[in-house]
Amino acid sequence: MGVANVNGTSLYYEAHGAGRALVFLHGWGTSGRVWDAQAADLSRDHHVITVDWRGCGRSERAATGYTIADVTHDTLGFLDALELKAPVLIGSSIAGAFVLEAALAAPRRIGAVIPVDAGVHHFSAGMREATAELLADLRADRAGTLADLVPHWYRPGADRAVIDRTVRQLLDSTCLIDRLVADQADYDPRPRLGGLRVPVHFLHGELDTEVPLKVPRECAALIPGAGLTVIEGAGHMSQQDQPERFNTALRAALASMPERAA
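A few points on the structure. The model shown is predicted, which means the values in this text are computed figures rather than measured ones. (Residues numbered from 1 in each chain as written. Predicted model: local features only at pLDDT ≥ 70, side-chain atom pairs only at ≥ 80, totals over all residues. Heavy atoms only, no water.)

As enumerated under the stated definition, the model contains 1 cavity of 30 Å³ or more in all. In this structure, the largest cavity spans a volume of roughly 50 Å³. Taken together, Leu11, Leu25, Val51, Trp53, Val71, Asp74, Thr75 and Phe78 form the lining of the largest cavity. With 4 residues, the top contributor of residues to the lining of the largest cavity is helix α2 (residues 68-81). A breakdown of the residues in the lining of the largest cavity according to their chemical character gives 6 nonpolar, 1 polar and 1 charged. (1 Å grid on protein atoms, 1.4 Å probe; cavity = no way out; pocket = protein on both sides within 12 Å on 5 of 7 lines; lining within 4 Å. Points joined across faces, edges and corners; volume = space filled by probe spheres on them. Helix = DSSP H or I, 4+ residues; strand = E, 2+ residues; numbered from the N terminus. Nonpolar A, V, L, I, M, F, W, Y, C, P; charged D, E, K, R; others polar.)

This part takes up helix α9 (residues 214-222). Inspection of α9 places Val215, Pro216, Cys219 and Ala220 among the buried residues, and these make up the whole buried set. End-on, the buried residues of α9 take up no more than an arc of 120°, which puts them together on one face. Looking at the buried side of α9, the elements it contacts are α8 (190-193), β7 (201-205) and β8 (227-231). (Buried < 20%, exposed > 50% of the residue type's maximum accessible area, 1.4 Å probe, protein only. Arc of directions from axis to C-beta. Contact = heavy atoms within 4.5 Å.)

Before going further, it helps to spend a moment on the side chain of Gln169. Its place among the elements puts Gln169 in helix α6 (residues 160-172). Among the polar contacts made by the side chain of Gln169, one reaches the side chain of Ser31 at a distance of 2.7 Å. Apart from residues no more than four positions distant in its own chain, Gln169 is found in contact with Gly29, Thr30, Ser31, Arg33 and Val34. (Polar contact = N/O pair within 3.5 Å; in protein donor to acceptor, adjacent residues only side chain to side chain.)

Let us look at the layout of surface pockets. Size it by volume and the second largest pocket reaches roughly 320 Å³. Lining of the second largest pocket is provided by 16 residues; of these, Arg33, Tyr154, Val162, Arg165 and Gln240 occupy positions nearest its centre. Breaking the lining of the second largest pocket down by element, the ones donating at least two residues are α1 (36-42), α6 and α10 (238-241). Counting residues per element, the lining of the second largest pocket draws most heavily on α6, which supplies 4 residues. Its residues assigned to classes, the lining of the second largest pocket comprises 6 nonpolar, 4 polar and 6 charged.

A word on the pairing of strand β6 (residues 112-116). Most of β6 sits out of view: 5 of its 5 residues are buried. Here β6 shows two buried faces, one formed by Ala112, Ile114 and Val116 and the other by Val113 and Pro115. As for the winding sense of the linkage, the β-α-β connection from strand β5 (residues 88-92) through helix α3 (residues 95-105) to β6 is right-handed. (Right-handed = clockwise from strand over helix to strand, strands pointing away.)

Turning to the packing of aromatic side chains, a few remarks are in order. A full pass over the atoms with the stated rule returns 4 aromatic pairs. Where Tyr13 meets Phe78, the ring centres are 5.6 Å apart and the plane angle is 70°; that geometry is what we call edge-to-face. You can see Tyr13 sitting in strand β2 (residues 9-16) and its partner Phe78 sitting in helix α2, a full 65 residues away along the chain. One aromatic cluster is present, built from ring pairs that chain together Phe24, Trp35 and Phe246. (Phe/Tyr/Trp six-rings, centres within 6.5 Å; stacked < 30°, edge-to-face > 60°.)

Turning to the environment of Ala252, a few remarks are in order. Topologically, Ala252 is positioned in helix α11 (residues 243-255). Judged by relative accessible area, which is 47%, Ala252 ranks as partly exposed. Through-space distance from the C-alpha of Ala252 to that of Leu134 is 36 Å; in sequence the pair is 118 residues apart.

On to the nonpolar core, then. Judged by nonpolar contacts, the single largest core of 82 residues is most densely connected at Trp28 and Ile114. Considering each element in turn, this core owes the most residues, 7 residues, to α3. Sequence-distant contacts of Trp28, that is, excluding residues within four places in its chain, are made with Trp53, Ile94, Leu138, Arg142, Leu146, Leu149, Trp153, Leu170, Ile177, Asp178, Leu180 and Val181. (Core = buried A, V, L, I, M, F, W, Y, C linked by side-chain atoms within 4.5 Å.)

This is how it looks when you write it as structure tokens:
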């Protein structure tokens, strides 16, 4: 475990194992703990790094910096702080946007990107209205809104203890992360995806009701050489819903993307 000072903010991270560097970024309001099953498996033959981004987990609750551009900037700064050479960036939910933006901004610094159940965009004309309603509900009753929202991130019948831990992580994060929800409502990288020059492979839960499968399918079609693997029986948190299937798919994706020289 360690703390990296990135853009004036202290970010907590954990690193295990040796080999090809894999940097795991969690989704909105959670923490690096959502990757525990991946860290335990992949660290046997990879250098696995999980990081809590600003305002979340065990990282500093900074007063500013909660836009997609800001957290992307933190991600690149984190790679510099740890002196990581051509790592693979793996981002869950909204962190799928962070890893794609990092690859667009600095392709020579990144080996590959794997967006997971990525909240890249929803192709929905009603996205702004739905976002405004969610933000209003969070302001009125944060605990109740999250208790209703989070179960939909998991497959039907998912372990209640896992859901409760996720709700707890969200409640422990600063409410300033809500700015990312508003930012995401207008985020659509599709016109720029064809310019990606690093290997990309999407992993996506078959049962994801938060981000439908049409989203990664369309995004992958826009990126030269991109791949997509659907995780059977998994919801929006596929790495926790079906960890063994997810890890198998992740290893296969990594094998399809040869390690790049730094």
